[in-house]
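# Breakdown of the fold
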Amino acid sequence: MAPRGKWDSFNYAPTSKTVYPASIHSTSGSVRDASLLVKNKGRATLSGNGSWVALDFGIEVGGLISMNFDTVSSSSDLSLSFTESPLFIRPTASDDSSFPSANTTYDGVLHVDAPLEVGYWTQPVAALRGGFRYLTLVSNSAAAITISNVSCAISFMPHVDDLRSYAGYFYASDPKSHDMDFLTKVWYAGAYTVQTNTVPLDTGRQVPFAPAGSWANNAVLGVAGPIIVDGAKRDRAVWPGDMGIAVPTQFVSTNDLLPTRNALSTMFAAINPKTGALPESGPPLNQQGSDTYHAWTLIGTYNYYLFSGDTAWLQNVWANYTKAVAFLEGKVDSTGLMDVTGLRDWARQGGGGYNAEGNAILYKVLTTAATLSEYLNVTDLSAAWGRNASALKQNFNEAFWLESAGMYRDNQTTTLCPQDANSFAILFNLTTSPAQAKLVSDGLEKNWNDLGPVAPELPDTISPFISGFEVQAHFEAGNDARAMDLIRRTWGYMLYTDISVQSTLLEGFTANGSIAYRYYQGYNDDPAYTSHSHGWSSGPTSALTFYVLGLTVTSPQGKTWAISPHINGGLPAAEGGFETSLGWFGVQWTIGMSPDNHVNNFALEVNTPEGTTGILHLPEGIAALEALVIDGIRIRSSENQAKSVLLDGGKHSIIISN
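For the structure given in this document, a descriptive report is provided here. (Residues numbered from 1 in each chain as written. Predicted model: local features only at pLDDT ≥ 70, side-chain atom pairs only at ≥ 80, totals over all residues. Heavy atoms only, no water.)

Bringing the overall build of the protein into the picture now. From N to C terminus, the protein includes twelve helices and 25 strands. Against the compact-globule benchmark of 26 Å for 658 residues, the protein has a radius of gyration of 26 Å, which places it among compact chains. In terms of overall dimensions, the protein has a C-alpha envelope of 90 × 60 × 45 Å along the principal axes. The burial tally for the protein puts 63% of its 658 residues in the buried class. Look at the contacts in the protein between residues 6 or more apart in sequence, and 71% of them connect residues 24 or more apart. Carbon and sulfur atoms form 51% of the exposed surface of the protein, whose accessible area is close to 22,400 Å². Of the side chains in the protein, 38 bear a positive and 59 a negative charge, and the two mean positions are spaced by 2 Å. (Helix = DSSP H or I, 4+ residues; strand = E, 2+ residues; numbered from the N terminus. Rg over C-alpha atoms; globule rule 2.2 N^0.38 Å. Buried < 20%, exposed > 50% of the residue type's maximum accessible area, 1.4 Å probe, protein only. Contact = heavy atoms within 4.5 Å. Areas by Shrake-Rupley, 256 points an atom, 1.4 Å probe, with all protein chains shown as cover. Lys, Arg positive; Asp, Glu negative; His and termini not counted. Charge placed at Lys NZ, Arg CZ, Asp CG, Glu CD.)

Dropping the structure here:
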């Protein structure tokens, strides 16, 4: 487990799996002693038809509501409405989770079955509400009703008793943010978001959708649970693309990889035995026809194995894995590019045919497939996939590079340069030189407004999902300050705006900050449908660990590792780490500045498991400092300017100075 420290105060996870309202948001009509419902202090009475009290749990929660009915009459009538955003606190409807509707009231309210009886009441299991912050209790009759002991039994993370027991941590003060603790908060917000997306097997959103005025979360989600889904409120289904961000978050924070294994097993179990096609999403949606999400299942397989070293599982899915890789390779024609025919994707427009995003993701599939086959000693496949990846990289650059823009275009008939393909090109190493990567990084910044990148491939939209990859791309391009600026803009908005849940992370929003995400692209102009707890939006959590701390595993379970701190983002210090089955991996670094604002010393403490080996890449900007001292021994002078150092597992102290 992670060491205890001041960072624990920023962990959003509750201390108990039974949570009580933290405050009263508002009341209407005749409500007596509402404040006594806070933290279960006593009883409150609602009198009169239409009287209501809105309870604020303070953070995103999800599960089943219980309460005591202390005083009722034969005509007492009560309903409950739920919402993540305070914009939709209302007595007549919850926010939407079943289906998007322009009237924003599709879900309606939960009516307590009449007649009410004195005693303990619990929300029906099928009506579980997966994500909300605000609960409104509404009296629908003239008769008074007295209520107490209002609580929510947390349903997510069903296999874990202590939600705050993390395997990793991160801490840094950020002098460039209005809140010095912002980066630590956003790291923990991402971690908690993924926890709320880790759910019991039989709590999926029902499909076909519940009728208007209701919702149902009692569908089976896969082959085993617990299982990781896309969002707490909705869709409550496995989406492999989302896992491209959510699973690294899961690894660096809780190292709770069982839900990921179950999700991936679910996708492979649904493979088309004739074609090798994988579904876009898990049950009960079971959507088909997405080449990119098919590919993300394969990339997710690599991520899961890298983090877990679960060889038995990999061998078990290997036949289906290779069949699924062959399915994508079968779409590569004489052009040397994949012809994308499975058009469903993360919501972007375009995407069919010889498309840059789809081919970039295929390149990542091939490079990771080659590595996985090496681990299993399937050398012929490793060599073949490696050759195919090299050929695709060349063809990708010839087809999509647009010299006049200094970026990659979406396809060969447009000048539109999408956020996703260009971020992937840097991150997946499709660029051919550091100079080209920097050009793409510069081009991506041109899409920004005050709140972040407006995706050219989905106009009027800021996608935290794709922006999470862009953050990593800027780090990879050596633009640390740009990556940090993007985190502060986009995730700073999500975490602090008073229209969000302010503890977990929005699915997306419009260019002006409205939560009417995808209002014209599938969500029927329904801002109440937007999820406020989507794991695909947690990109900074892993980015802060992998780039700012610089700590990554480079072979399964961290038998080998690397440390490459990115120190040019404006931070004076950072610390944190994670755990694998081999043990604890931790980093703490500080930098010292000269009076003329240049780095004049760098101190690093490393703690990794005995028996492992790693490499320390000296940060850009300090490699030219004269003295390198490791564990008290000076090993470098101005005549010996090595930029990397091999280290054995264990504890090490590194100091670089003039």
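With that settled, the discussion passes to the pairing of strand E8 (residues 145-154). Within E8, nine of the ten residues are buried, which leaves the element mostly enclosed by the surrounding structure. In this structure, strand E1 (residues 18-19) lies alongside E8, joined through two bridges in antiparallel fashion. Bridged to Val-19 within E8 is Cys-152. The pairing of strand E3 (residues 43-71) with E8 spans eleven bridges and is classified as antiparallel. Residue Ala-44 lies in a different strand from E8, and its bridge partner there is Ile-147. (Pairing = 2+ DSSP bridges.)

Let us now look at helix H6 (residues 356-375). For H6, spanning 20 residues, the distance from its first C-alpha to its last is 29 Å, which sits close to the expected 28 Å at 1.5 Å a residue. With 15 of 20 residues buried, H6 lies mostly within the body of the structure. Near the N-terminus of H6, the side chain that reaches the backbone nitrogen of Glu-357, with its oxygen 3.0 Å away, is that of Asn-355. Just beyond H6, the residue with positive phi is Asn-377, at close to 60°. (Expected span 1.5 Å × (residues − 1). Polar contact = N/O pair within 3.5 Å; in protein donor to acceptor, adjacent residues only side chain to side chain.)

It is worth spelling out the packing of aromatic side chains at this point. For the structure on display, the rule yields 38 aromatic pairs. Centre to centre, the rings of Phe-57 and Phe-132 are 5.7 Å apart; their planes meet at 85°, and the pair counts as edge-to-face. Here Phe-57, found in strand E3, pairs with Phe-132, found in strand E7 (residues 129-139); they are 75 residues apart in sequence, far enough to count as distant. Taken individually, Phe-57 and Phe-132 each receive the classification buried, so the pair is uniform in this respect. Linked through ring pairs, Trp-296, Phe-424, Phe-428, Phe-465, Phe-469 and Trp-536 together constitute an aromatic cluster. Above the plane of the ring of Trp-215 lies Arg-129, whose end atom (NZ or CZ) is 4.3 Å from the centre. Arg-234 extends its terminal NZ or CZ atom over the ring of Tyr-529, reaching a point 4.1 Å from the ring centre. (Phe/Tyr/Trp six-rings, centres within 6.5 Å; stacked < 30°, edge-to-face > 60°. Lys NZ or Arg CZ within 6 Å of the ring centre and 35° of its normal.)

The volume enclosed by the largest pocket comes to roughly 1,400 Å³. Looking at the largest pocket, it is lined by 49 residues, and the ones nearest its centre are Leu-427, Glu-476, Phe-546, Tyr-547 and Thr-552. For the lining of the largest pocket, the secondary structure elements donating two or more residues are helix H2 (240-253), helix H4 (291-308), H6, helix H8 (419-427), helix H9 (434-445), helix H10 (464-476), helix H12 (539-549) and strand E18 (551-553). Broken down by element, the lining of the largest pocket gets its largest block of residues, six residues, from H4. Grouping the amino acids of the lining of the largest pocket by side-chain chemistry returns 25 nonpolar, 18 polar and six charged. By volume, the second largest pocket is sized at about 440 Å³. Together, 25 residues line the second largest pocket, and Asp-235, Trp-239, Arg-344, Arg-518 and Tyr-523 are the ones closest to its centre. (1 Å grid on protein atoms, 1.4 Å probe; cavity = no way out; pocket = protein on both sides within 12 Å on 5 of 7 lines; lining within 4 Å. Points joined across faces, edges and corners; volume = space filled by probe spheres on them. Nonpolar A, V, L, I, M, F, W, Y, C, P; charged D, E, K, R; others polar.)

Moving on: the environment of Trp-121. Here Trp-121 shows up in strand E6 (residues 119-122). Since its relative accessible area comes to 14%, Trp-121 is described here as buried. Along the chain, Trp-121 and Ser-404 lie 283 residues apart, while their C-alpha atoms are 66 Å from each other. Setting aside residues no more than four positions away along its own chain, Trp-121 makes contact with Ile-65, Ser-66, Met-67, Phe-69, Leu-80, Leu-110 and Val-112.

Most of H8 sits out of view: nine of its nine residues are buried. Turning to H8, its buried residues number three or more, namely Gln-419, Asp-420, Ala-421, Asn-422, Ser-423, Phe-424, Ala-425, Ile-426 and Leu-427.

Moving on: the packing of helix H3 (residues 258-269) against H4. Where H3 contacts H4, the axes come no closer than 10 Å and their chain directions differ by 145°. Viewed along their axes, H3 and H4 form a crossing whose handedness is left-handed. Contacts between H3 and H4 involve Thr-260, Arg-261, Leu-264, Met-267 and Phe-268 from the former and Thr-297, Leu-298, Gly-300, Thr-301 and Tyr-304 from the latter. Residue classes in the contact of H3 with H4 are distributed as five nonpolar, four polar and one charged. (Axes fitted to C-alpha atoms, helices over the stretch in contact; angles between N-to-C directions. Left-handed = near helix turned anticlockwise from the far one by under 90°.)

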